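# Architecture and fold: a report
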Amino acid sequence: MNFLRGVMGGPSAGPQPSGAETIQKLCDRVASSTLLDDRRDAVRALKSLSKKYRLEVGIQAMEHLIHVLQTDRSDSEIIGYALDTLYNVISNDLEEEEQEENLPKQVDDLGSQFTEIFIKQQENVTLLLTLVEEFDFHVRWPGVKLLTSLLKQQGPQVQQIILVSPMGVSRLMDLLADSREVIRNDGVLLLQQLTKSNAAIQKIVAFENAFERLLDIITEEGNSDGGIVVEDCLLLLQNLLKNNNSNQNFFKEGSYIQRMKPWFEVGDDNCGWSAQKVTNLHLMLQLVRVLVSPTNPPGATSSCQKAMFHCGLLQQLCMILMATGVPADILTETINTVSEVIRGCQMNQDYFASVNAPSNPPRPAIVVLLMSMVNERQPFVLRCAVLYCFQCFLYKNQKGQGEIVSTLLPSTIDATGNSVSAGQLLCGGLFSTDSLSNWCAAVALAHALQENATLKEQLLRVQLATSIGNPPVSLLQQCTNILSQGSKVQTRVGLLMLLCTWLSNCSIAVTHFLHNPANVPFLTGQIAENLGEEEQLVQGLCALLLGISIYYNDNSLENYRKEKLKQLIEKRIGRENFIEKLGFISKHELYSRAAQKPQPSFSSPDHMMFDHEFTKLVKELEGVISKAIYKSSEEDKKEEEVKKTLEQHDNIVTHYKKVIREQDQELEELKQRINTLTSQNEQLQATVTQQVSQIQQHKDQYNLLKVQLGKDTQHHNSHSDTFQMNGIQTEEVSKLKEELEEWKNKHELLQGQLWEKDSVIEKLKSSQLEMGTTEQSSQTSRSGGLEHNNELQKELEMLRSQIQLQSAEISKLQIENQKLQVMSTTADHVLGDSSARAANNSELEGQLEQEIKELKSEVKVLSEEKESLKQHLDSSSSTVAILQDEKSKLQQEVAESKKEQDDLLVLLADQDQKLSALKMKLKDLGVPVEDEDDIESGDQGDEDEDGDEEEQD
């Protein structure tokens, strides 16, 4: 045991063994010892050496430690030591004490190499999963830490092993339900590593009720006021939801968005935010953005946006937005979150437009945000967030665009000047001395004009007062004036993007732009010069603006027709040079960055050059403009002729389409009429059946009344029988009266006898008293008197018993007498009411005869109605026959119209053959000809524009 003493710090004699030798001896001890205590001590020693001699323990002891995990599972202590030792070997996390010491630097990939050795046998990972199921703290906690370290080192390989093992993920989900917070918190960290970049495991974890458990933990810990456990739970939720449409839909359908609202209930006292609270709230806002990210499918994003509005989450975010004392980074992230919650959702955009800041007087939140955007003293990140919020507010929101542009029009500007409008702030930022404000205001105004030709025309009416005494200048003219003055590159790029957006798809704006004679020479001069790399971007945008002026030119200005502008480019710039300068835009590095995502995220203000929506416009117009530049005047004329013929062709087709539509409408109307008539016929038939059933019911009622009348006559005849019965009852009453009188006589006789006996008794009592007063009577006379007295008492008792019996009989007779009197009175009543009943019977017969007459009249009326309904049915059947004849005629007309259409299609096919022959001739002559699909798409775009203009007018 000398090596154990050396390891444990005991005194030893002789030279000390090296660390590798000690580890070798300990490994032999673990492998060969039969006693569990010896193996446990050896593993404990290896654990103490594993941090200092990580490499040696990993190389020599890993196999033995795995064997201990397999064989000694009954002893939790040795299993815990083995798991701790493996964790120290595999983990790259060094403790602070070890970092302070001057230890030899370990190889960076040492942990990954040991992890690879451990997971080479997949049984080791499944063994570890079974150990994690143990409830013993000394086994479960080291197992969780070891599995987390394995996932950190070799994540994808370990994820695959856990995924294929039976119930592997479900076992780990039980860690969240552990009552010991240490294991639960480390279980959250383990699930973080397990769910990284693995959609399959993310789905399993989500459907194992992870959302419910994690949200419960966040609530228990105090939401945003909680500690680092809340942060870990939020990171795990982000792993589960980010770029996982299935889990996002499950999160929304499970009504978990509603449970996010309490996270953002920030009190009025917002001073003294802790660093952990800032971190938690930042992650909570990012989690909201994950659900409504523009990269998600549009349907999923829209449903989440609506759910956030209905549960009040958007309202809560707007309260944070307008609150005071909120840290700057939280305010910035809140603005970005609100931006994506309202982006493209009309309902949320309308609500955001109605939000007012708590100021006196109250101002709209949009105005307050724009004030911070054009304020150069605000942080750069905050200004970018406000610009993104304004862009999201206007995205697919023509109503909001119109409200912003209307604040610039002369008729809607506040004459008093008390309130600052959004349009005034944008104009102020557009012409301020700060180049970043110029760029932000130009991009914001361009978004107000995006895909809205009507507003582009209305913005031409905006007039600006430049200085006192000078006439007002249009906004378009002022932009070109600032552009020609040679300001900073960022300002010029912003103004050029605004002008390109303004002039695209708006020939009237192009005419106004070309009407200024200084604009075209300025653009050609900028493009023709050979300037440095910084100016190449401006040259490319000038080329794009000039190309837009050519492509959308309606030739209304004689001096700036398409042909003349092309000749000007050919003479002063050269076509190839023009196309090369135009290509500078898409080749720029900042262009490719801006094209990636809608949110403007720049490392510094100098990199703020391109807008995401503008990159889409460049992609759309670059090829079209290059084609338009190379076309000659003859080709333009031929194209115009072809367009005219195509327009005529289209007019013919549209005419016949209208005819066919009208015929279809007529057919549908006739079908509807037939359907209505059939429904009316069915209703009439139903009413007839109802009336027939009612007639039958009336007949049945009539028969019942007849039967009842017969019964009443029988009852009237039976009154004589009742009178006979009453006669019998009177005879019985007379007999009972006679018996009653006899009993009364007997009672009177008995009472007389009773009175006589009482008088005798009184006489005996008086004689007895007299005998008691005389003292000279003899004994014999006394005894004889006593005997006589006893006999008299016996007779008296006999008489009393007889009297009691007779009184009982008398009471019975009195009760029977009362009953007979009641019966006699009832009989008298019956005899007295018989005449009244006879009168009532006569009245009932009269009423029944009247009801019978009324029923007969109703039957007559119903029969008349039935006949009228039959006549109506006959007339409706005749109308149906007429309509069927009309339908057959219309079907014949439709067949004839189809024949005419076939003839027209044949004619159209002939015309198409002629057109294709003409196109082949043009191609033979060397003239480039566009395909029909391009022409049709262009015509369709023109039709859509005309339709939009008509609707907005």
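All of these numbers come straight from a predicted model, not from anything done at the bench.

## Structural notes on the overall build of the protein chain
Of regular secondary structure, the protein chain possesses 41 helices and 4 strands. Residue burial in the protein chain is summarised as follows: out of 953 residues, 41% are buried. Sequence separation of 24 or more characterises 72% of the internal contacts of the protein chain that already satisfy a separation of 6 or more. With an accessible surface of roughly 53,400 Å², the protein chain has 51% of that area assigned to carbon and sulfur atoms.

## Quick notes on unusual backbone geometry
Of note, N243 is a non-glycine position whose phi angle comes to about 55 degrees, a positive value. Along the chain, N243 falls in the loop between α15 (228-241) and α16 (245-253). Judged by its relative accessible area of 65%, N243 is exposed. At N555, a residue that is not glycine, the phi angle is positive and equals roughly 60 degrees. Mapped onto the elements of the fold, N555 is located in the loop between α32 (533-551) and α33 (562-572).

## Focus on the pattern of salt bridges
Taken as a whole, this structure holds 26 salt bridges when the rule is applied. Across the pair K399 and D350 runs a salt bridge whose closest N-O atoms are separated by 4.0 Å. Placement of the pair is K399 in helix α24 (residues 398-406) and D350 in helix α21 (residues 346-354), with a sequence separation of 49 residues. Given a relative accessible area of 48%, K399 falls into the partly exposed group. Taken together, the salt bridges that share partners define one network made up of D37, R40, D41, R44, D75 and E77.

## What about a negative patch on the surface?
The grouping of E662, D664, E666, E668, E669, E893, E896, E900, D902 and D903 at the surface amounts to a negative patch. Looking at the negative patch, the elements with two or more residues in it are α38 (633-717) and α40 (779-924). Position of E662 relative to the elements: it lies in helix α38.

## Quick look at the environment of M371
Its location among the elements puts M371 in helix α22 (residues 365-373). Look at M371 and you get partly exposed, because its relative accessible area is 32%. Linking M371 and R383, residues 12 residues apart in sequence, is a C-alpha distance of 9.6 Å. In contact with M371, other than residues within four places in its own chain, are R363 and L425.

## A word on helix α25 (residues 422-430)
Most of α25 sits out of view: 7 of its 9 residues are buried. Every buried residue of α25 is accounted for by A422, G423, L425, L426, C427, G429 and L430.

## Some words on the packing of aromatic side chains
Applying the stated rule across the entire model yields 13 aromatic pairs. Ring geometry for F211 against F250: centres 5.9 Å apart, planes inclined by 35 degrees, an arrangement best described as tilted. Of this pair, F211 sits in helix α14 (residues 210-221) while F250 sits in helix α16, placing them 39 residues apart in sequence. On the basis of relative accessibility, which here comes to 1%, the residue F211 falls in the buried class. One aromatic cluster in this structure is built from F207, F211, F250, F251 and Y256. Positioned over the ring face of Y87 is K145, at 5.2 Å from the centre of the ring. When the ring centre of W141 is taken as reference, the NZ or CZ atom of K145 above it lies at 4.1 Å.

## Topic: the environment of E212
Along the chain, E212 falls in helix α14. Accessibility expressed as a relative area gives 27% for E212, which makes it partly exposed. The spacing of E212 and F251 is 39 residues in sequence and 9.6 Å in space, taken between C-alpha atoms. Apart from residues no more than four positions distant in its own chain, E212 is found in contact with Y256 and R259.

## Side note on the confidence of the model for the protein chain
The predicted model of the protein chain averages 81 in pLDDT, with 76% of residues at 70 or higher. Between residues 719-729, whose pLDDT stays under 50, and residues either more than four places distant or in other chains, the model counts 6 contacts. Per-residue pLDDT stays below 50 along residues 949-953; that stretch engages in 6 contacts with residues further than four places along the chain or on separate chains.

## Notes on the side chain of D72
Of note, D72 is situated in the loop between α4 (54-71) and α5 (76-90). A relative accessible area of 9% means that D72 is categorised as buried. In this structure the side chain of D72 is engaged in a polar contact, spanning 3.0 Å, whose partner is the side chain of R39. Aside from chain neighbours lying at most four places away, what touches D72 is L36, R39, I78 and I79.

## Let's talk about the packing of α32 against α33
In the contact formed by α32 and α33, the axes pass within 9 Å of each other and the chain directions differ by 150 degrees. Our classification of the angle between α32 and α33 gives roughly antiparallel. Note that α32 runs across α33; the crossing there is left-handed. Between α32 and α33, the residues in contact are L546, S549, I550 and Y551 and K562, L565, K566 and I569, respectively. The residue makeup of the contact of α32 with α33, split by class, is 5 nonpolar, 1 polar and 2 charged.

## Things to note about α14
Between its terminal C-alpha atoms α14 stretches 16 Å, which fits the 16 Å expected from 12 residues at 1.5 Å a residue. Taken together, the buried positions of α14 are A210, F211, L214, L215, I217 and I218. Buried residues of α14, seen end-on, are gathered within an arc of 155 degrees and therefore sit on one face of the element. Looking at the buried side of α14, the elements it contacts are α11 (168-173), α12 (181-194), α13 (199-207), α15, α16 and α17 (275-291).

## Some thoughts on the packing of α14 against α15
Contact geometry for α14 and α15: axes closest at 9 Å, N-to-C directions at 155 degrees. By the criterion of interaxial angle, the relationship of α14 to α15 is roughly antiparallel. Helix-helix and strand crossings are classified by hand; for α14 and α15 the assignment is left-handed. Two secondary-structure elements touch here, α14 through A210, F211, L214, L215, I217, I218 and E221 and α15 through V229, V230, C233, L234, L236, L237, L240 and L241.

## Focus on the environment of N88
Position of N88 among the secondary structure elements: in helix α5. Residue N88 is classed as buried on the basis of its relative accessible area, which comes to 15%. Separated by 23 residues in the primary sequence, N88 and G111 have C-alpha atoms spaced 9.4 Å apart. A polar contact is formed between the side chain of N88 and the side chain of S50, at a distance of 2.9 Å.

Procedures and definitions
Residues numbered from 1 in each chain as written. Predicted model: local features only at pLDDT ≥ 70, side-chain atom pairs only at ≥ 80, totals over all residues. Heavy atoms only, no water. Helix = DSSP H or I, 4+ residues; strand = E, 2+ residues; numbered from the N terminus. Buried < 20%, exposed > 50% of the residue type's maximum accessible area, 1.4 Å probe, protein only. Contact = heavy atoms within 4.5 Å. Areas by Shrake-Rupley, 256 points an atom, 1.4 Å probe, with all protein chains shown as cover. Salt bridge = Lys/Arg side-chain N within 4 Å of Asp/Glu carboxyl O. Patch = residues over 30% accessible without salt bridge, like charges linked within 9 Å, V, L, I, M, F, W, Y side chains within 5 Å. Lys, Arg positive; Asp, Glu negative; His and termini not counted. Charge placed at Lys NZ, Arg CZ, Asp CG, Glu CD. Phe/Tyr/Trp six-rings, centres within 6.5 Å; stacked < 30°, edge-to-face > 60°. Lys NZ or Arg CZ within 6 Å of the ring centre and 35° of its normal. pLDDT = per-residue confidence, 0-100. Polar contact = N/O pair within 3.5 Å; in protein donor to acceptor, adjacent residues only side chain to side chain. Axes fitted to C-alpha atoms, helices over the stretch in contact; angles between N-to-C directions. Parallel < 35°, antiparallel > 145°, perpendicular 65-115°, else oblique. Left-handed = near helix turned anticlockwise from the far one by under 90°. Nonpolar A, V, L, I, M, F, W, Y, C, P; charged D, E, K, R; others polar. Expected span 1.5 Å × (residues − 1). Arc of directions from axis to C-beta.

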